[in-house]
Amino acid sequence: MAPNQNVADMAAARICGSVNPTKLHAFLYGGSKEWETKRRIVTTLSSDPAFDKAQRPFLTRTQTYQRGLAMTKRLFELKAQHDWSAEQTSLAIRAIDEPLPFILHNAAFEPVIRSQGTPELNAHYDQLKAQHGIHGCYLQTELGHGTNVAALETTATYLPETREFEIHSPTLTSSKWWVGALGKTATHGVVQARLILPSGKDVGPHLFFVQLRSLEDHKLLPGITAGDIGPKALAGYSAVDNGYARFDHVRVPREHMLSAFASVTPDGQYVQPPHAKLSYGGMMYIRSSMVVSGGWTIAKGATIAIRYATVRRQGNKGADGLERQVITYPSVYYRLLPTLAHAYVFILLGRNLWKAFSDMSARLAAGDTSLLAEMHATTSGLKSLVSTVAIQDLETARRSMGGHGFSDFAGVGRIYADYLPGATFEGDNFVLDQQVVRAALKAYDAVVARGGPGSAHGLTPSTSYLRLLVKDEPVRDTSSVDAWQDPRTAILLLEKRAAAMVQERARHRDDPDAGSDTRVGRAVTDAFVAAQVGAIVDALEGTVGGQEAKVLRSLYVLYLLTTVEEGLADILSFGLLSRPSTAGDKADPSRALRISVKHLCLDLLPEVIGLTDGFGFNDWELDSALGQYDGNAYEELWKRVQNEPLNQTEVPEGYEEYIKPMLRQQQRLAARSKL
């Protein structure tokens, strides 16, 4: 292969495509102005030495943490220098492709205090929080409990004589654990603790604002023990000081309870919140943001893998004397194109969810809790779905790259390591599935209780599929390939699957099978997402138009069809697919679906580079030798390997002490064995 064949293949792939990446930038970022803002910020960061990534793979854990602090400091200098708004600063944070010690300040600490703290508390700390004059964290998870918030052990006992709360860790398992920035960085925290009234009554977990370290010398305040919990799996989150903390009767003023909803009067009387799940606002905030961030994370993995598969050649040679491009093999494009579809779905879905969360927050501030239950169920299901799919997609992308995918220089393994904890933080996915099922059963019971033609009235977007139990809607003949070209076919099938599975789960609610909640939770969320994708498809002519709308329609239909394909076990169990009428009883009812997936992939193959270019990543953002924009993968990989510290000397440092004596000893043994 000629030295520049990689570059030539990438250039040819761009010529073959029909979509305009600039139009896709505006589509994905919510407008041309938003895209330009992001592009300018990335240009600023990528040209600044503080954000250089060349030595990143070779740093120790301590060096990585210190580098994270240096980047954080420089980021705030740039914020002041360029007068970035809060949204622009968030864009800059997201552009840095690694978690930093202060991310939970913006993601949880600041928004939770803003939404649940009293006006007095916010007035006192608002500017300090906004300008990072204090650095916050969110202390919820404990050594013994995480997702089960109701079972947290840390206590906050109200003392009416001093009008203070006493924060205490009564057991080893009550130690706060896994908290980002708690180990060494944070000065303050929002602590989730069980509120104990003067009567001794335990009214469950509530939130408290607690200072952790001195603002003079950064030492821990009296009664607080804290530190870093150590390295994480696969070296993920290395720059973040995930920490532990124990409290020994630490007192905070009554005003430091986040009491916008629930509160304690000066004499110790408890004022109940208007809704039991109001304290879950922080978790819902983070879960909402995880949908769009999961989409962009998949986008990075898909971009790297698809670019490399486009320039990588393996197999028999063709008439042109070149081996076949790997992206053209069915076993490769069948794996990678659905990941591309997932990214395009989750990015838009996440943006819409964020708007819905903002609307709910505004209503909550006005005392309206009507959207809270729906938002809790929706964010629980989407967090589980998106994080599960993203982890699978990143590993799919890495493995599609062959042996080179295991190199740190490929880039996908690093993204995977940093994203992997998303399956367990902010709610373990298997537990979240149970919450989705509980909400679904509650909605099902309401439909059954109402009875009659009007019983579907009042269903929410997340339970709309239950209308099919009241009045069925026919699906086109699914043994026909033509039927699968209509997105409504897949959407209706996924809704029917959800309705049938919830009904079956209700029939056996006292004795469900072991995996039912996972399957039902996924089916319910798939149905909700499918309906949202249908709305996105219907709006394409208005949101993007032209050839881009046509190509995106195919990509979104691919998402729907592969979602159906993944759910075939349940779909076939309930007999939801049509039987082919001419091929006998043993004919595969899913063949038309699978052939349609293949045809969509082949139609999309010429467009995949343009679609990945639509994400707008530059080489600094991806930091991948194999995912280079110009396709020059092998030369870039060779160049990076030369920076490996082991390659700076011809003879390794351990030669005289280890290698040489070992060789000499074995050579003597070999010589004696010849005698």
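Check the entry above for the structure.
Residues numbered from 1 in each chain as written. Predicted model: local features only at pLDDT ≥ 70, side-chain atom pairs only at ≥ 80, totals over all residues. Heavy atoms only, no water.

Description of the overall build of the protein chain
Then, in step 1: A count of helices and strands for the protein chain gives 23 helices and 13 strands.
Then, in step 2: Relative to its length of 675 residues, the protein chain is compact, with a C-alpha radius of gyration of 28 Å against a globular reference of 26 Å.
Then, in step 3: Counting only C-alpha atoms, the protein chain reaches 90 × 85 × 65 Å along its principal axes.
Then, in step 4: Counting across all 675 residues of the protein chain, residues that qualify as buried make up 52%. (Helix = DSSP H or I, 4+ residues; strand = E, 2+ residues; numbered from the N terminus. Rg over C-alpha atoms; globule rule 2.2 N^0.38 Å. Buried < 20%, exposed > 50% of the residue type's maximum accessible area, 1.4 Å probe, protein only.)

A short note on the environment of Ala410
Then, in step 1: Here Ala410 lies in the loop between helix 10 (372-400) and helix 11 (412-419).
Then, in step 2: On the basis of relative accessible area, Ala410 is assigned to the buried category, the value being 0%.
Then, in step 3: Residues Ala410 and Val191, 219 residues apart in the sequence, show an inter-C-alpha distance of 39 Å.
Then, in step 4: Not counting residues within four places of it along the chain, the set of residues in contact with Ala410 comprises Ile304, Met401, His404, Gly405, Ser624 and Leu626. (Contact = heavy atoms within 4.5 Å.)

Looking at the packing of aromatic side chains
Then, in step 1: Under the defined criterion, the tally for this structure stands at 16 aromatic pairs.
Then, in step 2: With a centroid separation of 4.8 Å and an interplanar angle of 35 degrees, the aromatic rings of Tyr29 and Trp296 are classed as tilted. Of this pair, Tyr29 sits in helix 2 (residues 21-29) while Trp296 sits in helix 8 (residues 281-311), and the two are 267 residues apart along the sequence.
Then, in step 3: Exposure remark for Trp296: the relative accessible area of 18% places this residue in the buried category.
Then, in step 4: With a centroid separation of 5.7 Å and 25 degrees between ring planes, the pair formed by Trp177 and Tyr244 is classed as stacked. Residue Trp177 is located in strand 4 (residues 176-179), and its partner Tyr244 is located in strand 8 (residues 243-247); the two are separated by 67 residues in the primary sequence.
Then, in step 5: Taking the relative accessible area as the measure of exposure, Trp177 reaches 25% and is therefore partly exposed.
Then, in step 6: For Tyr244, a relative accessible area of 26% gives the class partly exposed.
Then, in step 7: Among the aromatic residues, ring-to-ring pairing joins Tyr29, Trp35, Trp296, Tyr344, Phe615 and Phe617 into one connected group.
Then, in step 8: The aromatic ring of Trp620 is capped on one face by Lys53, whose charged end is 3.9 Å from the ring centroid.
Then, in step 9: Above the plane of the ring of Tyr329 lies Arg324, whose end atom (NZ or CZ) is 4.2 Å from the centre. (Phe/Tyr/Trp six-rings, centres within 6.5 Å; stacked < 30°, edge-to-face > 60°. Lys NZ or Arg CZ within 6 Å of the ring centre and 35° of its normal.)

Quick word on the state of the cysteines
Then, in step 1: Inspection of the entire model under this criterion finds zero disulfides.
Then, in step 2: Free cysteine Cys16: the closest other cysteine sulfur is in Cys601, separated by 17 Å. (Disulfide = S-S within 2.5 Å.)

Some points on the sheet that holds strand 8
What holds strands together in a sheet is hydrogen bonding between their backbones, with the strands either parallel or antiparallel.
Then, in step 1: With antiparallel pairing, three strands are arranged side by side in an open sheet as 4-8-7. Unpaired on one side and paired on the other, strand 4 and strand 7 (224-228) mark the two borders of the sheet. Strand-to-strand, the axes of this sheet are offset by a mean angle of 20 degrees, without reference to chain direction.
Then, in step 2: As defined by bridge partners, strand 7 adjoins strand 8 across five bridges and the pair is classed as antiparallel. Looking at the pairing, Ile224 lines up with Phe247 of strand 8. (Pairing = 2+ DSSP bridges. Axes fitted to C-alpha atoms, helices over the stretch in contact; angles between N-to-C directions.)

Some remarks on the pairing of strand 3 (residues 164-168)
Then, in step 1: Counting buried positions along strand 3 gives four out of five residues, so the element sits mostly inside the fold.
Then, in step 2: For strand 2 (residues 155-159) and strand 3, the ladder comprises five bridges, and the chain directions are antiparallel. Counterpart to Leu159 in the pairing with strand 3 is Glu164.
Then, in step 3: Between the end of strand 2 and the start of strand 3, which pair antiparallel, lie four residues, with Arg163 showing a positive phi angle near 55 degrees.

Concerning the packing of helix 15 (residues 516-538) against helix 17 (residues 546-566)
Any two packed helices are characterised by how steeply their axes cross, that is the angle between the axes, and by the distance between the axes.
Then, in step 1: Orientation of helix 15 relative to helix 17, taken along the N-to-C sense of each, is 165 degrees, at an axis distance of 10 Å. Comparing their axes, helix 17 and helix 15 come out roughly antiparallel. Crossing hand, helix 15 versus helix 17: left-handed. Mapping the contact onto sequence places Arg522, Asp526, Val529, Ala530, Val533, Ile536 and Val537 in helix 15 and Arg553, Tyr556, Tyr559, Leu560, Thr563 and Glu566 in helix 17. (Parallel < 35°, antiparallel > 145°, perpendicular 65-115°, else oblique. Left-handed = near helix turned anticlockwise from the far one by under 90°.)

A short note on the pattern of salt bridges
Then, in step 1: Using the criterion set out here, one finds 46 salt bridges in the structure.
Then, in step 2: One salt-bridge network, held together by shared partners, links Lys53, Arg56, Arg67, Asp97, Glu98, Arg414, Asp623, Glu636, Lys639 and Arg640. (Salt bridge = Lys/Arg side-chain N within 4 Å of Asp/Glu carboxyl O.)

Side note on helix 10
Then, in step 1: With 29 residues, helix 10 extends 41 Å from end C-alpha to end C-alpha; this agrees with the ideal 42 Å at 1.5 Å per step.
Then, in step 2: Burial runs high along helix 10: 23 of the 29 residues are buried.
Then, in step 3: Residue Gly402 follows helix 10 closely and has a positive phi angle near 70 degrees. (Expected span 1.5 Å × (residues − 1).)

Topic: unusual backbone geometry
Then, in step 1: Its identity as a non-glycine residue notwithstanding, His218 has a phi of 70 degrees, on the positive side.
Then, in step 2: Among the secondary structure elements, His218 is positioned in the loop between strand 6 (202-211) and strand 7.
Then, in step 3: Its relative accessible area of 35% is what places His218 among the partly exposed residues.
Then, in step 4: One non-glycine residue, Tyr237, lies in the positive phi region at around 50 degrees.
Then, in step 5: Looking at where Tyr237 falls in the secondary structure, it is placed in the loop between strand 7 and strand 8.
Then, in step 6: For Tyr237, a relative accessible area of 16% gives the class buried.

Re the nonpolar core
Then, in step 1: Core analysis: the largest hydrophobic core is formed by 117 residues, its most contacted members being Tyr344, Leu552, Tyr556 and Phe615.
Then, in step 2: Here this core takes 17 residues from helix 9 (residues 330-365), the largest share from any one element.
Then, in step 3: Phe165, Ile167, Ala186 and Val250 belong to the second largest nonpolar core, which has 26 residues in total. (Core = buried A, V, L, I, M, F, W, Y, C linked by side-chain atoms within 4.5 Å.)

A closer look at the environment of Ala13
Then, in step 1: With respect to the helices, strands and loops of the structure, Ala13 is situated in helix 1 (residues 5-16).
Then, in step 2: A residue is classified by how much of its surface remains accessible, and Ala13, at 15% relative accessible area, is buried.
Then, in step 3: Taking C-alpha positions, Ala13 is 8.5 Å from Val608, a pair spaced 595 residues apart along the chain.
Then, in step 4: Setting aside its immediate chain neighbours within four residues, Ala13 contacts Thr310, Pro606 and Ile609.

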